[in-house]
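# Structure at a glance
So the chains spell out like this:
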Amino acid sequence: MSLADFFTPIDLKEIVPKSGYYTSQLGSKVEQHTVHFPDLDQKYDIAIIGVLDDRNSTNNPGCALGPDYVRERFYKLNEGGYNTKIVDLGNIRQGETVTDTYFAVKTVVSELIKKDIIPIIIGGGQDITYAQYLAYEQLEQKVDLVVVDSHFDLDDDAENESIETTSTSYLNKIFLHEPNYLFNYSNLGYQTYFASQDSLRVMEKLYFDVHRLGELSGQIAVAEPVIRNAGMISFDISAIRSSDAMANANATPNGLYGEEACQVCRYAGFNDKLTSIGFYEFNPAYDNNGQTAMLLAQMIWYFIDGVYNRKKDFPLSPKSQYLIYKTSLKHDDHELVFVKSKKSDRWWMQVPYPTGGSKNERFHLVPCRYEDYKTAVSGELPDLWWRTYQKLV
């Protein structure tokens with residue numbers, strides 16, 4: 001089966017302004033699937049994919065119509081100071097069943113990753129995150145998942161034995177999926193009154209990283225090491241405050257500011273490990289003057305800007321590009337090792353594998369902040385080190 005079988009072409013009549021695009025605008029730079037499906041053996045760095053399925057989006061019908069509204073705004077933005085190699089593959093049509101849509105997304109994402117092309121998915125419901133995750137099972141590749149969301153989508157859908165899930169329960173599917181290809185899950189921007197104490201206990205028990213909105217508010221740089229660890233990202237548009245992004249039936253007054261959402265996306269682009277990102281739950285029926293579509297277009301622009309400014313300082317070679325810092329704890333002979341990149345000033349922490357944990361490597365490198373190094377220098381064990389070690393056991 002060809003990937004072209006999953007897609008419908010882009011209808012440019014609905015998108016292109018009457019006067020056309022300036023040569024500097026992305027609309028004249030992006031290769032588009034309008035008649036013939038693009039040849040993916042040409043060298044593209046990024047592929048844009050729309051998903052026209054919102055059947056399992058909870059309380060937000062209409063978000064399947066979002067991709068073309070975002071395209072309309074995105075194509076009018078100017079290219080940054082680099083030569084983009086982006087292809088827009090069009091929209092994955094709604095399958096006969098939701099399972100068919102998941103199969104299409106999973107297949108497309110895994111094939112693009114194999115070709116070293118980063119898919120940008122514009123949903124649809126956030127349940128599509130599960131299909132995005134299943135691509136890594138197909139690749140037999142462990143993955144770190146980062147979700148930007150005001151809720152933990154852990155509702156119980158035990159009655160549903162099929163592959164289908166919903167936008168409020170897909171995390172259960174991912175956590176319980178066998179075989180397990182999830183190494184770590186992190187949440188950015190959850191709001192405590194939307195999180196049950198049971199769900200918080202689950203996160204703690206599994207040593208997952210969860211970060212309240214209050215932790216990030218006004219200091220979004222806290223999110224950078226978390227994002228730097230991600231292999232895939234899922235962004236629920238309702239994580240942004242309704243005054244900045246009202247185009248979602250579940251929008252709430254509190255959340256990330258628009259510029260913070262853009263910064264998160266730029267951090268995501270910078271991440272050398274990241275191989276796919278999805279933006280979900282944008283519903284044009286609730287948009288006011290296209291404001292949310294424009295914000296989402298700018299978020300994608302910042303992600304692309306990050307990709308083309310990657311420092312490629314992970315994995316850590318050559319060693320001459322790094323500084324090694326060693327420190328001991330107060331009540332322990334154990335030595336903690338930190339690594340700092342000269343290229344980007346970013347920090348990593350070495351966490352040793354337990355005996356027999358890994359045949360090939362002696363330690364796992366986890367992205368961290370300068371503050372973690374300062375904690376270790378003061379003689380205390382950083383919480384991030386402990387949580388990572390527990391996952392390696």
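The present account deals with the structure reproduced in this document. (Residues numbered from 1 in each chain as written. Predicted model: local features only at pLDDT ≥ 70, side-chain atom pairs only at ≥ 80, totals over all residues. Heavy atoms only, no water.)

### So, the packing of aromatic side chains
- Per the stated rule, a full pass over the model turns up 21 aromatic pairs.
- Between Tyr21 and Tyr75, the ring centres sit 6.1 Å apart and the planes meet at 85 degrees, which makes this aromatic pair edge-to-face. One end of the pair, Tyr21, is in the loop between strand E1 (7-8) and strand E2 (31-32); the other, Tyr75, is in the loop between helix H1 (66-74) and strand E4 (86-92), with 54 residues separating them in the sequence.
- Judged by centre distance (5.3 Å) and plane angle (75 degrees), the rings of Phe338 and Tyr373 are edge-to-face. Of this pair, Phe338 sits in strand E12 (residues 335-341) while Tyr373 sits in helix H10 (residues 370-377), and the two are 35 residues apart along the sequence.
- Given a relative accessible area of 0%, Phe338 falls into the buried group.
- Each member of the aromatic cluster is reached from another via a ring pair, and the members are Tyr325, Phe338, Trp347, Tyr370 and Tyr373.
- Directly above the aromatic system of Trp348 lies the positively charged group of Arg228, at a separation of 4.7 Å from the ring centroid. (Phe/Tyr/Trp six-rings, centres within 6.5 Å; stacked < 30°, edge-to-face > 60°. Helix = DSSP H or I, 4+ residues; strand = E, 2+ residues; numbered from the N terminus. Buried < 20%, exposed > 50% of the residue type's maximum accessible area, 1.4 Å probe, protein only. Lys NZ or Arg CZ within 6 Å of the ring centre and 35° of its normal.)

### What about the pattern of salt bridges?
- Counting across every chain of the model gives 19 salt bridges.
- Of the charged contacts, one joins Asp41 and Lys115 as a salt bridge, the two residues approaching to 3.1 Å between their closest N and O atoms. Note that Asp41 is positioned in the loop between E2 and strand E3 (46-51) and Lys115 in the loop between helix H2 (98-114) and strand E5 (118-122), a separation of 74 residues in sequence.
- Of the charged contacts in the structure, one is a salt bridge between Arg73 and Glu72, with a shortest N-O distance of 3.9 Å.
- Three or more residues joined by partner-sharing salt bridges are found here, namely Glu224, Arg228, Asp272, Asp313 and Arg346. (Salt bridge = Lys/Arg side-chain N within 4 Å of Asp/Glu carboxyl O.)

### Focus: the nonpolar core
- In terms of nonpolar packing, the biggest core is built from 54 residues, with Phe74, Phe235, Phe279, Met299, Phe303 and Ile304 touching the most fellow members.
- Tallying contributions element by element places helix H9 (residues 291-307) first for this core, with nine residues.
- In this view, Phe235 contacts Gln126, Val148, Ile240, Leu256, Ala261, Val264, Cys265, Gly278, Phe279, Tyr280 and Met299; residues no more than four positions away in its chain are not counted.
- Of all hydrophobic cores here, the second largest spans 49 residues; its members include Tyr44, Ala195, Val210 and Tyr280. (Core = buried A, V, L, I, M, F, W, Y, C linked by side-chain atoms within 4.5 Å. Contact = heavy atoms within 4.5 Å.)

### Comments concerning the sheet that holds strand E13 (residues 347-352)
- Reading across from one edge, E11-E12-E13-E14 is the order of the four strands in this open sheet, with antiparallel pairing throughout. The open sheet has two edge strands, strand E11 (322-328) and strand E14 (363-368), and neither has a second partner. Between one strand axis and the next, the sheet turns by 30 degrees as a mean value, whatever way the strands run.
- Alignment of E12 against E13, held across four bridges, turns out to be antiparallel. By the bridge assignment for E13, Val337 is matched with Gln350.
- Across the sheet, helix H11 (residues 383-392) lies against E12, E13 and E14, angled at about 45 degrees from E13, the strand it touches most. (Pairing = 2+ DSSP bridges. Axes fitted to C-alpha atoms, helices over the stretch in contact; angles between N-to-C directions.)

### Comments concerning the layout of surface pockets
- The calculated volume of the largest pocket comes to roughly 1,100 Å³.
- Listed by contribution, the elements that provide at least two residues to the lining of the largest pocket are strand E6 (143-148), E11, E12, E13, E14 and H11.
- For the lining of the largest pocket, the element with the most residues is E12, which contributes four residues. (1 Å grid on protein atoms, 1.4 Å probe; cavity = no way out; pocket = protein on both sides within 12 Å on 5 of 7 lines; lining within 4 Å. Points joined across faces, edges and corners; volume = space filled by probe spheres on them.)

### Focus: H9
- Between the first and last C-alpha of H9 there are 25 Å, a value that for 17 residues agrees with the 24 Å anticipated at 1.5 Å per step.
- Taking burial as the measure, the 17 residues of H9 include twelve buried ones, the bulk of the element. (Expected span 1.5 Å × (residues − 1).)

### Topic: the environment of Gln25
- Tracing the chain through its elements places Gln25 in the loop between E1 and E2.
- Residue class for Gln25 comes out buried when judged on its relative accessible area of 9%.
- For the pair Gln25 and Ser234, spaced 209 residues apart in sequence, the C-alpha to C-alpha distance is 27 Å.
- The contacts of Gln25, once residues within four sequence positions are left out, are Gly20, Tyr75, Lys76, Leu77 and Asn78.
- Among the polar contacts made by the side chain of Gln25, one reaches the main-chain amide nitrogen of Tyr22 at a distance of 2.9 Å. (Polar contact = N/O pair within 3.5 Å; in protein donor to acceptor, adjacent residues only side chain to side chain.)

### Some thoughts on the pairing of strand E10 (residues 276-280)
- Of all five residues making up E10, five are buried, and the element is well covered by its neighbours.
- In E10, alternate side chains face the same way, and those of Ser276, Gly278 and Tyr280 on one face and Ile277 and Phe279 on the other are all buried.
- For E5 and E10, the ladder comprises three bridges, and the chain directions are parallel. Residue pairing in the sheet places Ile120 in a bridge with Ile277 of E10.
- Here five bridges tie strand E9 (residues 232-236) to E10, and the two strands are oriented parallel to one another. Bridge pairing links Met232 to Ser276 in E10.

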